[in-house]
Amino acid sequence: MIIEDCSVTADALLSCLHPNAEGLVAAIAQDVNTGQVLMLAWMNKDALVATLQSGEVTYYSRSRQVLWRKGEQSGNFQQLCSVAVDCDGDALLLQVEQTGAACHTGAKSCFYRRYVSGGDKSR
């Protein structure tokens with residue numbers, strides 16, 4: 001069976017979510033232009049609603065237990081281009097236009113350490 005991509009309303013998207021016991025879903029940010037995975041963070045329904053309403057990506061901080069808009073302190077904002085929910089409803093894929101670095105370390109992506117099977121680490 002082939003299942004095609006389909007567009008859904010914001011309400012339908014929210015109803016597809018199946019958050020964990022803490023009310024959170026994983027949110028993967030991907031650069032809309034390059035396809036590079038930038039970061040993984042967490043969202044609750046309030047963060048997703050804020051993101052959908054403003055177009056600026058808002059996450060939920062598990063350590064501080066507050067919503068935070070990406071870039072509000074660093075200036076490295078994420079503008080939402082699209083959002084998709086996975087088949088289980090427990091993860092989101094956010095395609096974003098990234099301003100500056102996505103990682104708090106200053107790296108373009110949080111995924112800058114890479115293991116290559118059978119490869120030489122010095123390369």
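Not measured: the values here are computed from a predicted model.

Asker: Explain the overall build of the protein to me, please; I cannot follow it from the model alone.
Answerer: In terms of regular secondary structure, the protein is built from two helices and six strands. Helices and strands appear in the protein in the N-to-C order α-β-β-α-β-β-β-β. Expressed as a percentage of its 123 residues, the buried residues of the protein come to 33%. Accessible surface, the protein: about 8,100 Å² in total, of which carbon and sulfur atoms supply 50%. Treating the 10 positive side-chain charges of the protein as one cloud and the 13 negative ones as another, the clouds have centres 13 Å apart.

Asker: Which parts of the structure should I look at to understand the nonpolar core?
Answerer: Most often, soluble globular proteins keep nonpolar side chains buried together rather than apart. Counting residues in each nonpolar core, the largest one holds 20 residues, and the members touching the most others are Met39, Met43, Leu48, Val57, Tyr59, Leu92 and Leu94. Elements represented by at least two residues in this core include exactly α1 (10-16), β1 (25-31), β2 (37-43), α2 (45-54) and β6 (91-98).

Asker: Can you help me understand the packing of aromatic side chains in this one?
Answerer: Here a ring pair, both rings aromatic, is described through the centre-centre distance and the interplanar angle of the planes. Within this structure, the stated rule accounts for one aromatic pair. For the pair tyrosine 59 and tryptophan 68, a centre-to-centre distance of 5.2 Å together with 40° between the ring planes defines the contact as tilted. Overall, tyrosine 59 belongs to the buried group, its relative accessible area being 0%. We classify tryptophan 68 as buried; its relative accessible area is 19%.

Asker: Sorry if this is basic, but what is going on with unusual backbone geometry here?
Answerer: One non-glycine residue, glutamine 65, adopts positive backbone phi at about 55°. Along the chain, glutamine 65 turns up in the loop between β3 (58-61) and β4 (66-69).

Asker: I would appreciate a short explanation of the pairing of β3 in the present structure.
Answerer: Every regular strand shows the same layout, with side chains that alternate between the two sheet faces. The side-chain alternation of β3 yields two buried faces, one formed by Thr58 and Tyr60 and the other by Tyr59 and Ser61. Two elements, β3 and β4, share four bridges in a ladder whose sense is antiparallel. Opposite threonine 58, over in β4, you have arginine 69 as the bridge partner. Hairpin geometry of β3 and β4 is characterised by an intervening segment of four residues between the two adjacent antiparallel strands and by a positive phi of about 55° at glutamine 65.

Asker: Explain the environment of aspartate 46 here, please?
Answerer: As for its position among the elements, aspartate 46 is in helix α2. Residue aspartate 46 is classed as exposed on the basis of its relative accessible area, which comes to 53%.

Asker: I'm lost on the pattern of salt bridges in this one. Help?
Answerer: When the charged atoms of two side chains with opposite charge come close together, those side chains can pair. Under the criterion given, the structure shown has two salt bridges. Between lysine 108 and aspartate 31 there is a salt bridge, and its shortest N-O distance comes to 3.7 Å. Here the residue lysine 108 occupies a position in the segment after β6, and aspartate 31 occupies one in strand β1, the gap between them amounting to 77 residues. Lysine 108 sits in the partly exposed class, given a relative accessible area of 36%. The exposure class assigned to aspartate 31 is buried, which follows from its relative accessible area of 6%. Of the charged contacts, one joins glutamate 56 and arginine 69 as a salt bridge, the two residues approaching to 2.8 Å between their closest N and O atoms. Residue glutamate 56 is found in the loop between α2 and β3, and its partner arginine 69 is found in strand β4; the two are separated by 13 residues along the sequence. On the accessibility criterion, glutamate 56 (27% relative accessible area) is partly exposed. Relative accessible area serves as the criterion here: at 28%, arginine 69 is assigned to the partly exposed category.

The rules we used
Residues numbered from 1 in each chain as written. Predicted model: local features only at pLDDT ≥ 70, side-chain atom pairs only at ≥ 80, totals over all residues. Heavy atoms only, no water. Helix = DSSP H or I, 4+ residues; strand = E, 2+ residues; numbered from the N terminus. Buried < 20%, exposed > 50% of the residue type's maximum accessible area, 1.4 Å probe, protein only. Areas by Shrake-Rupley, 256 points an atom, 1.4 Å probe, with all protein chains shown as cover. Lys, Arg positive; Asp, Glu negative; His and termini not counted. Charge placed at Lys NZ, Arg CZ, Asp CG, Glu CD. Core = buried A, V, L, I, M, F, W, Y, C linked by side-chain atoms within 4.5 Å. Phe/Tyr/Trp six-rings, centres within 6.5 Å; stacked < 30°, edge-to-face > 60°. Pairing = 2+ DSSP bridges. Salt bridge = Lys/Arg side-chain N within 4 Å of Asp/Glu carboxyl O.

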